[in-house]
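Structural description and commentary
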Amino acid sequence: YAHLAADVARAHVAGKYVYGNVPSLMLLPSDLRGMENWFADNAGDQENLGRLLDRIVEARRTIVEQYARAGVDGVITWDDMGTNERGFVSRSTFRELYFPRYKATIDLLHERGMHFMHHCCGQVREYMDMIVEAGCDVLQLDQPELMGVDWLGEHWGGRICFWNPGDIQKTIGRGDLDAIEEEAHRQVWRLGNFG
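All of these numbers come straight from a predicted model, not from anything done at the bench.

1. Re the pairing of strand β3 (residues 115–119)
With respect to burial, β3 is a largely interior element, four of its five residues being buried. Two strands pair when backbone bridges link them, and strand β2 (residues 74–78) and β3 are joined in this way by five bridges, in the parallel orientation. Note on β3: the bridge partner recorded for Trp78 is His119. Crossover β2 to β3 through helix α5 (residues 91–111) is right-handed. Where β3 and strand β4 (residues 138–140) come together, three bridges link them in parallel fashion. Counted as the bridge partner of Met117 is Val138 from β4. Crossover connection from β3 via helix α6 (residues 128–133) to parallel β4: handedness right-handed.

2. A word on the nonpolar core
Of all hydrophobic cores here, the largest spans 48 residues; its most connected members are Met81, Phe94, Tyr98, Met128, Leu152 and Phe162. Those elements that provide at least two residues to this core are α1 (4–13), α4 (46–70), α5, α6 and α8 (149–156). Those residues in contact with Met81 that lie beyond four places of it in its chain are Met26, Gly87, Phe88, Phe94, Tyr102, His118, Cys120, Cys121, Val124, Tyr127 and Ile131.

Parameters at a glance
- Residues numbered from 1 in each chain as written.
- Predicted model: local features only at pLDDT ≥ 70, side-chain atom pairs only at ≥ 80, totals over all residues.
- Heavy atoms only, no water.
- Buried < 20%, exposed > 50% of the residue type's maximum accessible area, 1.4 Å probe, protein only.
- Helix = DSSP H or I, 4+ residues; strand = E, 2+ residues; numbered from the N terminus.
- Pairing = 2+ DSSP bridges.
- Right-handed = clockwise from strand over helix to strand, strands pointing away.
- Core = buried A, V, L, I, M, F, W, Y, C linked by side-chain atoms within 4.5 Å.
- Contact = heavy atoms within 4.5 Å.

What follows is the structure, encoded as structure tokens:
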């Protein structure tokens, strides 16, 4: 972090928004433990998993404080939370294990005048209310069609900022430029038309 403040200051002079990253609460534990063990931890060893998550939150706190001192505008985390069909963990497990830890990081960021941006792949309709309740500022979805752009706009438009590409599975991969442009316009009007 020795040169971070100077780098941030130069970026701000150039009119740029500066963000850093913090460790994820789902992907990092699954990388550390292996996906199969992480699923078992969620089901049968929540006490030890909670201790690991608390250590990650403390690491996040240290990183956020460094970013805040340097004048960083926000942070992003990459935390895929589900398959194409459903979230990785039940709503109740998400509420108990993950929600309070997301909220702790987001509260700290907001106290420091910073934003929380969250990348998430997967069908996570069941977590959306908690993501918004925790105070997430920006949700970046590579697969917005999984939840449905119309559904996202109807339920969450104006309550959270969306920062999405065209859907990487259903649209971008086909290479149809007209379809990509049509989806981009639809996302702007369905997700971004709230003032």
